[in-house]
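# Coordinates in review
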There are 2 protein chains.
Amino acid sequence: MPDREIESWVNGSPGQQLSVRDRGLAYGDGVFETVRVTHSGPVLLDFHLQRLRQGLRQLALDHDWEPLEAEIHAYPGWSEPGVVKLVVTRGEGGRGYASDGVRGPNRIFTHHPAPAYPPHWAVKGIRVFPCQTRLAPNPLLAGVKHLNRLEQVLARREWGAESFQEGLMRDTDGHLVEGVFSNLFMVQGQTVVTPALDSCGVAGVMRRWLLEEFSRHGWQVVSGTLGQSSLQLADEWFFCNSVYGIWPVREWQQRQWPVGAVTRQAQQWVTDRWQL
Amino acid sequence: MPDREIESWVNGSPGQQLSVRDRGLAYGDGVFETVRVTHSGPVLLDFHLQRLRQGLRQLALDHDWEPLEAEIHAYPGWSEPGVVKLVVTRGEGGRGYASDGVRGPNRIFTHHPAPAYPPHWAVKGIRVFPCQTRLAPNPLLAGVKHLNRLEQVLARREWGAESFQEGLMRDTDGHLVEGVFSNLFMVQGQTVVTPALDSCGVAGVMRRWLLEEFSRHGWQVVSGTLGQSSLQLADEWFFCNSVYGIWPVREWQQRQWPVGAVTRQAQQWVTDRWQL
């Protein structure tokens, strides 16, 4: 729990409520970021802001960036450990999909306690659920952390909290994409492999940071189209996001994996950088 | 414009605002209906309510139906011509996709003026834009009028209001699906044809009513997988929804169609029933 309550902001002022005519509610017409805040401050905030700006561009929602960025930096939530969620919607408009005359964007910033994941998930690894809900391909929206997230909601409902810690999602062609709330990496021999996200999936900021970090340390890094069978070739694999860091996979479909040396190394990079 | 303003309702009481922690905003986790209201009352309300209930079931959001239905019937918007929009979200919850502990559902009812479409669109027909934005397949969500509508928002932004009145959308395999805010029918010889909506698209209530009406009048009615070339085989074709009724297609990709006798007949059925 946070030491003190941080109030939410709506359009730059404290507030808990949004107009019922907001297009984020009507159509999921907007984007969001969830930023981990530690005692040292926000984690990967520059990458979060770059993705936010890119998402706004992809939705043709690119209003003036500088005032938005300034408002984000002014939010009091960055000084308190937990998670800051930033939501930017197209704004308030009439009925109908056309966005002429919409007043916006609307900006909603909220502060939440950090999730209380048991530490042994990161140490001993997690058990992964095979989700039946598929991710549908849409190149125009691929990678963007937009507000249309029913696939994740349905996938997350497939398993109870007790037995599995993350679920693996495939696209409608059966290719590996990501976890429900994380990205996926495999280690195969001397190569680090992660699914390409050019037709669906969320391009996570921790994924981006790890891709750069692996490259910097001399690893061959491949982002590509991967079938489910490629998991059988993995010496080790793990999920990652910017809130919890890295969770090694311990069990998937009756097969066990040890927590591998490469995964431990990547966890060390994250710990050295942020004490996550 | 309506003769008098009808206030919006949030959870059974007059209100304009919703919690920023509502999951409709966070994830598009909910469904909606837009119901035309004429001087004679709501159009196809029974079909709208059946689809709403079915959508809630498909999202595993099936709380008690009877109180929700009673609240819908009690909304003052039904007595004033225009459009009533009903939104039902999973409710208010914490951060994260898991829906345990969510307090809900939240119900938002709003009243809007009827759109002022020029009457000649229904009389002389419309010009249809070929949307590049594709509809992605997801059988779990197909047919449901849920709040994840970014594909429609992006498609609607492809053309300006002046030149085209509706846009034709295909799925990622190139099959015909629907308009951006309407369903699609073709007449081919003695057969009435409409795209199947088992992998994507919204199962419109006017589409359902017309399918039943055509059958009742002895037409052979086919709902199937249709390529774009099937439009070339159409003697006549039209779009429909429960707000505007039926718009014949006059022009598509440099080809012209006359407003056909079957389309006129269907328009007559709608007019006889509702004076739309």
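Residues numbered from 1 in each chain as written. Chains lettered and ligands numbered in written order. Predicted model: local features only at pLDDT ≥ 70, side-chain atom pairs only at ≥ 80, totals over all residues.

What follows is about the sheet that holds strand β1 (residues 9-10) of chain A. Residues and elements named next belong to chain A. Taken together, the six strands give an open sheet; going across it, the order is β2-β1-β7-β6-β4-β5, and neighbouring strands pair in antiparallel fashion. Edge positions in the sheet fall to β2 (13-14) and β5 (41-42), since each of these pairs with one other strand and no more. Of the strand pairs in this sheet, strand β4 (residues 30-38) and strand β6 (residues 82-89) are connected by eight bridges, and their pairing is antiparallel. Looking at β6, one finds that arginine 36 is bridged to valine 83. On the sheet, helix α2 (residues 45-58) packs against β4, β5 and β6 and is oriented at approximately 175° with respect to β4. (Pairing = 2+ DSSP bridges. Helix = DSSP H or I, 4+ residues; strand = E, 2+ residues; numbered from the N terminus. Contact = placed C-beta atoms within 7 Å. Axes fitted to C-alpha atoms, helices over the stretch in contact; angles between N-to-C directions.)

Turning our eyes to something else, we now look at the relation of the copies chain A and chain B. Expressed as a screw operation, the relation of chain A to chain B combines 0.0 Å of axial shift with a rotation of 180°, fitting to an RMSD of 0.0 Å. In symmetry terms, the pair is related by a two-fold rotation axis. The overlap is high: 100% of the interface residues of chain A also sit at the interface in chain B, so the same surface is used on both sides. (Least-squares fit on C-alpha atoms with pLDDT ≥ 70 in both.)

Another aspect to go through is helix α6 (residues 205-216) of chain B. The α-helix advances 3.6 residues per turn, and as a result positions three or four apart in sequence lie on the same side. Residue and element names in this part refer to chain B. The end-to-end C-alpha distance of α6 is 17 Å, a good match for the 16 Å that 12 residues give at a rise of 1.5 Å each. Regarding α6, the residues found buried are Val205, Met206, Arg207, Leu210 and Phe214. Structurally, α6 contributes buried residues whose contacts are with α2 (45-58), β11 (183-188), β12 (191-195), β13 (220-224), β14 (236-241) and α7 (261-274). Where α6 terminates, the next one or two residues include glycine 218, which has phi positive at roughly 90°. (Expected span 1.5 Å × (residues − 1). Buried ≥ 20, exposed ≤ 12 C-beta atoms within 10 Å, placed from the backbone.)

With that out of the way, let us pick up the sheet that holds strand β5 (residues 41-42) of chain B. Residue and element names in this part refer to chain B. One open sheet accounts for six strands, arranged β2-β1-β7-β6-β4-β5; its pairing is antiparallel. Taken across any chain shown, the strands that pair with only one partner, and hence form the sheet edges, are β2 (13-14) and β5. Direction of pairing for strand β1 (residues 9-10) relative to β2: antiparallel, over a ladder of two bridges. Across the sheet, tryptophan 9 pairs through a bridge with proline 14, a residue of β2.

Turning to the domain arrangement of chain A, a few remarks are in order. Residue and element names in this part refer to chain A. Per the domain assignment, the segments making up chain A are domain 1 (9-112) and domain 2 (120-274). Computed from C-alpha coordinates alone, the two centres of domain 1 and domain 2 are separated by 26 Å. With 19 residues of domain 1 at the contact, the number on the domain 2 side is 14 residues. Put simply, the parts of the chain that give the side of domain 1 that touches domain 2 at least two residues each are β4 and α2. For the side of domain 1 that touches domain 2, the element with the highest residue contribution is β4, accounting for seven residues. Class assignment for the residues of the side of domain 1 that touches domain 2 results in seven nonpolar, nine polar and three charged. (Domains from an automatic or database assignment. Nonpolar A, V, L, I, M, F, W, Y, C, P; charged D, E, K, R; others polar.)

Opposite the 46 residues of chain A that make contact, chain B presents 47 residues. Of all the secondary structure elements, the ones that give two or more residues to the side of chain A that touches chain B are β3 (17-19), α1 (23-27), β6, β7 (106-112) and α5 (150-156) of chain A. Among the residues making up the side of chain A that touches chain B, the classes are represented as 20 nonpolar, 17 polar and nine charged. Where β3(A) and strand β3 (residues 17-19) of chain B come together, three bridges link them in antiparallel fashion. Bridge pairing links Ser19(A) to Gln17(B) in β3(B).

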